[in-house]
Amino acid sequence: MAPGRNVPPPRRRRGAPPEEPPPGRRGRRPVKKKSTAKKALLWTGGTMAFVLIAAAGGGYLYIRHLNGNITSVSDDGASTGGFQSDKAINILLIGTDKRTGKGNESYGDKDSVGHADTTILLHVSKDRTNATALSIPRDLIVDVPDCPTTQEDGSTKVIPGSDDVRFNTSLGQDERTPSCTVRTVTELTGIQADNFMVADFNAVKTLTTAVGGVEVCLAKDIDDEDSKLKLSKGTHTISGEQALAFVRTRHSVGFGGDLSRIGLQQQFLSALMRKLKSNDTLTNPAKMLKLAEAGTKALTVDSQLDSIGKLKDLGLELGKLNVKNLTFTTVPVVDNPAEKVKATVVLNDATAPTVFDMIKNDVSFTEVKKKAKASKSAEAAEAAARLKGTKSAASEVRVRILNGGAAAGSAQAELEYLQNEEGVLKSENAGNANASLAKTTLEYAPDQADQARRLADILGLSGAQLKPGKSVTNAQGLPTMTLTLGKDFKGAGVSFTTATKAPEGVQQSTADKVECAK
């Protein structure tokens, strides 16, 4: 892979003056001597909420000091504009392979521009009962879109996209900034991040040291010359350089590739989560203040999270999560069929769309006791009852289709699908609806219930989307149902039913379980 230019994204310490560009590089963003961007592992479960609350006891001057630790960079309009307390939260955590920091020069490519080496999309449910941490393989082949990028002088430069390239090139390559990784994830998954956090090698060392070490388990002896990890089979408490070696090792675990390393990193994050949530950490004021210092120094965040107050608000939301309901999983992939010597992977089209759809629709990967179980409500029971009963033949279904918020041309596309693929010939395109809808609906008269059930079965409509009401007269003067396509319409023939569990074979683990690296 051709290395990109060694130019970091535009970033500046809060309150620090802008730096002059080095001689001979007019118009390019300055290269800072030191980077404080570190992998934001602490945030994967929201435990920074406890850290910041503890730090608040130190008074105004200490809070101002912590504010000064934070580095921020523009999101360039790639995110939603920031998380909201009344909605599900999506945070993109990016760990780079940049070798800045004391003692890191000997690891791998010391001249790396800082690619997206470890990337996790953290989704926290709207009700905060569960979360999913989705790892994205660095060697996944993707299309990187064009990326409008804010320059140091405030102007915008569009960095051209690239097709069929490794995911890790979405950061660092050709001066791409974290916002470009956000855009790439959105294009890949259909999920737009609310915020992002970026890090380098030092985060693992500083955070594990701050908590007094993290306990990990090995199912076999490991002696990896590349990562410099040498540990015997069994349980060990690791921190600092040894912790970094643990998350970097890959040749001695699993199949020896990046996917095996992802599994190891997920085990490490689970162990760190358990340590951060333990009483040994939360009841130790000195340890909490060390975490506050290390955590704020470990962050390069988007401009929506550039203060202790904003980070505290996010931490309080994430801190509501129980680690037993935090699921780690990985984007489903298969070996790249275009390669004889397997080096990259491509999406598994059979299972990846379901995983993405579950996250988009806020479906938990774990069994969670909901705060209010909808299945027990009278309204939900009534909706479910609408799907029960006889169904007419597809040839007897009469329906007109309106576009109520879907992409242009959707009504015609769905009409053609119903007529050509499903035999719903008594259907017509009725144009645009009078109002935009978030959810697709099917309105029908009582005597059309059997037709409604058949169409619901074909399209995967839920009982809640069926709206008993009135029929309308179609072009032939006959009573017909009305299908209004909302913003949730994903394409002609695509089912509206959201999966309730991950596809068979998709790797999963939860943060409360101790697993041993194999």
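Residues numbered from 1 in each chain as written. Predicted model: local features only at pLDDT ≥ 70, side-chain atom pairs only at ≥ 80, totals over all residues. Heavy atoms only, no water.

> It is not clear to me how the overall build of the protein should be interpreted in this structure. Could you clarify?
Helix and strand counts for the protein come out as 13 helices and 26 strands. When each of the 518 residues of the protein is scored for burial, the buried share is 53%. Once local pairs closer than 6 in sequence are excluded, the contacts in the protein between residues at least 24 apart make up 74%. As displayed, the protein has an accessible area near 23,400 Å², and 51% of this comes from carbon and sulfur atoms. (Helix = DSSP H or I, 4+ residues; strand = E, 2+ residues; numbered from the N terminus. Buried < 20%, exposed > 50% of the residue type's maximum accessible area, 1.4 Å probe, protein only. Contact = heavy atoms within 4.5 Å. Areas by Shrake-Rupley, 256 points an atom, 1.4 Å probe, with all protein chains shown as cover.)

> Honestly, the sheet that holds strand β26 (residues 516-517) in this entry has me stumped. Any pointers?
Strand pairing in a sheet relies on backbone hydrogen bonds. The paired strands run either parallel or antiparallel. Here we have three strands laid out as an open sheet, ordered β14-β11-β26, and mixed in their pairing. Each end of this open sheet is capped by a strand with a single partner; those strands are β14 (234-238) and β26. Here strand β11 (residues 214-218) runs beside β14; their pairing, made up of five bridges, is antiparallel. Across the sheet, the residue bridging to E215 is T237, located in β14. Strand contacts of helix α6 (residues 258-277): β11, β14 and β26, with the helix running at about 140 degrees to β11, the strand carrying the most contacts. (Pairing = 2+ DSSP bridges. Axes fitted to C-alpha atoms, helices over the stretch in contact; angles between N-to-C directions.)

> So what exactly am I meant to see when it comes to the state of the cysteines here?
Here a disulfide denotes one covalent bond, and it connects the sulfur atoms of two cysteines. For the coordinates displayed, the defined rule picks out one disulfide. Here C147 connects covalently by a disulfide to C180, the sulfurs 2.0 Å from one another. Taking the torsion about the S-S bond as the criterion, the C147 to C180 disulfide, at about 65 degrees, is right-handed. Separated by 33 residues along the polypeptide, C147 in strand β7 (residues 147-150) and C180 in helix α3 (residues 178-189) bring together distant segments of the chain. (Disulfide = S-S within 2.5 Å.)

> Got a minute to help me understand the packing of helix α4 (residues 202-210) against helix α8 (residues 285-297) in this structure?
When two helices pack together, their arrangement is given by the angle between the helix axes and by the axis-to-axis distance. At a minimum axis distance of 9 Å, the contact between α4 and α8 shows a crossing angle of 170 degrees. With respect to each other, α4 and α8 are oriented roughly antiparallel. Both α4 and α8 take part in a crossing whose hand is left-handed. In this structure, α4 contributes T206, L207 and A210 to the contact, and α8 contributes K287, K290, L291, A294 and G295. Each residue belonging to the contact of α4 with α8 can be placed in one class, and the counts come to four nonpolar, two polar and two charged. (Parallel < 35°, antiparallel > 145°, perpendicular 65-115°, else oblique. Left-handed = near helix turned anticlockwise from the far one by under 90°. Nonpolar A, V, L, I, M, F, W, Y, C, P; charged D, E, K, R; others polar.)

> How do you make sense of the side chain of S170 when you look at a structure like this?
Within the fold, S170 resides in the loop between β9 (162-166) and α3. In this view, S170 contacts A116, V144, R176, T177, C180, T181 and T184; residues no more than four positions away in its chain are not counted.

> What exactly am I supposed to notice about the environment of A475 here?
Mapped onto the elements, A475 comes out in the loop between β23 (472-473) and β24 (479-485). Looking at A475, the relative accessible area reads 65%, which means it is exposed. Spatially, the C-alpha atom of A475 lies 8.4 Å from that of E428, the residues being 47 residues apart in sequence.

> Looking at this structure, how should I read α4?
Judged by how many residues are buried, α4 sits mostly within the fold: seven of nine residues are covered. Listed in full, the buried residues belonging to α4 are N202, A203, V204, K205, L207, T208 and A210. Following α4 by one or two positions, G212 adopts a phi angle in the positive range, close to 85 degrees.

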